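Chains, contacts and geometry: an overview
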Amino acid sequence: MAADMRAIQPESLYKLHLECEERPDGRKLDAARTTVVTRGGITTADGSAFCRSGHTSVLCGIKAEVCTPATDAPPDRGWVVPNLELPALCHHRFRPGPPSEAAQTASAQLLQLLDASGALDRTQLCIEAGQAVWVLYCDLICLSHDGNVLDVALLALSAALTDLRLPSAEWDATEERLRVKPAQRTPLKLGPLPLAATLAVFDKETLVLDPAGDEEMLCEASVTVAWAGDSMVLLDKTGGCELSLEAMDRCIALSKKRSLELKKLLDCCTQSGEVEKGE
Amino acid sequence: MELLSDQGLRVDGRRAHELRNVECRLGVFGRADGSAYLEQGNTRVLATVYGPHEARAAQRRHDVASINCQYRQAVFSGWERGRRAGGGGDRRAQELGALLQNTLESVVLVELYPRSQIDVYVQVLQADGGTYATCVNAATLALIDAGVALRDYVCACSASVLRDQPLVDLNSLETSGAPELTAALLPRSGRLPLLEMSQRFHVDKLGELLDVAETACRDVHTILNRAVRRHVSARSSEK
């Protein structure tokens with residue numbers, strides 16, 4: 001009976017769930033899905049991390065390459081190029097083809113979050129000013145899409161940056177070439193990394209943390225708040241129904257709490273190669 | 001560096017006829033109809049199946065299902081950073097997708113699913129030789145996990161001959177040093193739906209190479225079969 005109702009009137013069924021303050025997967029309204037972070041799974045990448053939250057999973061691989069800085073760019077800064085792919089394999093609604101608008105928007109947001117948090121000082125990526133800088137190509141692949149990909153992707157990116165080990169490189173001024181020693185590797189010095197929490201809004205007042213795929217489809221609006229340490233670095237509510245200031249305050253409070261949980265998860269992950277489940 | 005030492009050991013310590021370590025898991029993603037993750041040595045591949053579902057008008061065939069395959073290689077999967085995939089990927093990826101479709105069409109009972117479409121997506125996460133063979137194996141497991149009716153397993157393996165010694169399951173270092181044959185086998189009937197080699201090779205050695213490849217494919221079949229049975233019994237004991 002519930003299955004029939006889910007097919008014909010999913011909104012009504014979901015509203016019934018909300019009235020009982022329990023979501024279809026058994027979570028409370030302010031509970032996130034079980035999140036697992038694993039670093040260093042891909043040996044061909046210079047840094048990698050895999051992050052799964054419920055059925056949403058994202059794999060991030062970072063490859064560092066050397067590049068000459070452009071003439072109109074600062075000569076002593078490297079750069080970071082995050083790119084999120086939402087391939088057809090992650091969900092049946094995606095078709096093979098060029099990157100969708102959702103993927104391109106998310107990639108741009110990830111770069112913006114990294115810049116706004118100031119976690120990575122680009123001068124670290126400079127090998128020799130004006131001659132050689134590191135470019136970090138951060139490729140994220142969503143392997144399974146069940147809602148809230150941006151949060152999971154950001155967590156995977158942050159974890160992969162902590163896993164990244166850059167080879168030591170020296171610029172030989174006399175021969176005007178670069179000497180790279182791939183065996184000697186050093187980690188990056190990172191500031192507080194950005195971590196996001198997304199909430200879905202129903203009936204203009206009910207907030208639901210970490211929406212799953214079906215919840216994301218049914219919600220009236222969605223709010224994403226990202227934190228880096230104690231500073232808020234992103235507040236995103238694009239379109240949808242209107243939200244009262246009181247509800248917005250609740251969003252901010254819930255997202256802060258979630259970002260602290262994610263930070264704890266990321267820190268445990270930093271100490272060992274693999275981390276056990278965290279809520 | 002010697003690809004094959006005098007004692008008959010390869011660079012990773014294997015003997016000539018030994019396969020790399022295989023790890024596989026079925027049903028890794030609950031949301032897809034079928035999925036499988038397969039590792040052969042350092043080559044890691046993920047395969048996902050959606051379907052059978054209603055076919056789009058352009059691909060609908062009135063009497064059989066149409067199989068749609070896509071092969072993608074992650075940008076960070078190789079030792080060199082790969083070219084960024086534009087639309088469907090570069091030409092090599094499209095060629096491999098078409099090859100995979102032909103291989104699977106020989107084994108899926110398409111007559112049972114008229115007017116539908118089965119999507120098979122293969123994503124290479126890490127490439128260390130024998131990538132295409134691993135993709136075929138992963139796709140087979142994913143189809144089994146999705147419950148699509150199959151005539152038989154498709155088990156693939158790569159093989160080569162180096163200084164008159166046949167080798168199986170090449171890694172990327174060996175691929176660059178010796179011609180590579182990829183063969184897929186249907187174990188029950190002993191037929192080969194796929195045979196691919198694009199380097200120079202002496203035809204006298206072909207018979208020996210095919211025998212060695214067939215034995216390797218049968219070894220792969222044993223491993224995959226065991227994994228499927230383990231997965232099915234675990235699922236049925238959960239109920």
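Heads up: these notes are all about the structure in this document. Keep in mind it's a predicted model, so treat the numbers as computed, not measured. (Residues numbered from 1 in each chain as written. Chains lettered and ligands numbered in written order. Predicted model: local features only at pLDDT ≥ 70, side-chain atom pairs only at ≥ 80, totals over all residues. Heavy atoms only, no water.)

1. Points about the side chain of Gln123 of chain B
Relative to the helices and strands, Gln123 of chain B is located in strand E5 (residues 116-126). Accessibility expressed as a relative area gives 1% for Gln123 of chain B, which makes it buried. Apart from residues no more than four positions distant in its own chain, Gln123 of chain B is found in contact with Pro87, Leu89, Ile141 and Leu143 of chain A together with Arg44, Val45, Leu46, Arg72, Gln73 and Ala74 of chain B. (Helix = DSSP H or I, 4+ residues; strand = E, 2+ residues; numbered from the N terminus. Buried < 20%, exposed > 50% of the residue type's maximum accessible area, 1.4 Å probe, protein only. Contact = heavy atoms within 4.5 Å.)

2. Here we look at the pairing of strand E9 (residues 195-202) of chain A
Residue and element names in this part refer to chain A. For E9, a buried count of eight out of eight residues is recorded, marking the element as mostly surrounded by other parts of the structure. Residues Leu195, Ala197, Leu199 and Val201 of E9 are buried on one face, and the alternating residues Ala196, Thr198, Ala200 and Phe202, pointing to the opposite face, are buried as well. The pairing of E9 with strand E11 (residues 221-228) spans seven bridges and is classified as antiparallel. If you follow Thr198 over to E11, its bridge partner there is Thr224. As defined by bridge partners, E9 adjoins strand E10 (residues 206-209) across four bridges and the pair is classed as antiparallel. By the bridge assignment for E10, Phe202 is matched with Thr206. Between E9 and E10, which follow one another and run antiparallel, lie three residues, and Asp203 among them has a positive phi close to 55°. (Pairing = 2+ DSSP bridges.)

3. A few points about the nonpolar core
Counting 62 residues, the largest nonpolar core has Val108, Ile118, Val120, Val122 and Leu143 of chain B as the members making the most contacts within it. The biggest single contributor to this core is helix H2 (residues 131-146) of chain B, with nine residues. Apart from the residues within four sequence positions on either side, Ile118 of chain B is in contact with Val49, Tyr50, Pro52, Ala65, Ser66, Ile67, Asn68, Val108, Tyr113, Leu143 and Val148 of chain B. In this structure, Leu125, Cys142, Ala160 and Leu262 of chain A belong to the second largest nonpolar core, which totals 53 residues. (Core = buried A, V, L, I, M, F, W, Y, C linked by side-chain atoms within 4.5 Å.)

4. A word on empty space enclosed by the protein
Residues and elements named next belong to chain A. The final tally for this structure, using the stated rule, is one cavity of 30 Å³ or more. Approximately 80 Å³ is the volume found for the largest cavity. Taken together, Thr35, Cys51, Ser53, Asn148, Asp151, Val152, Leu155, Ala196, Leu209, Asp210, Arg258 and Leu262 make up the full set of residues lining the largest cavity. Contributing elements (two or more residues each) for the lining of the largest cavity: strand E2 (47-53), helix H4 (149-163) and helix H6 (245-271). In terms of residues, the lining of the largest cavity owes the most to one element, H4, which gives three residues. (1 Å grid on protein atoms, 1.4 Å probe; cavity = no way out; pocket = protein on both sides within 12 Å on 5 of 7 lines; lining within 4 Å. Points joined across faces, edges and corners; volume = space filled by probe spheres on them.)

In short, geometric facts, not functional conclusions.
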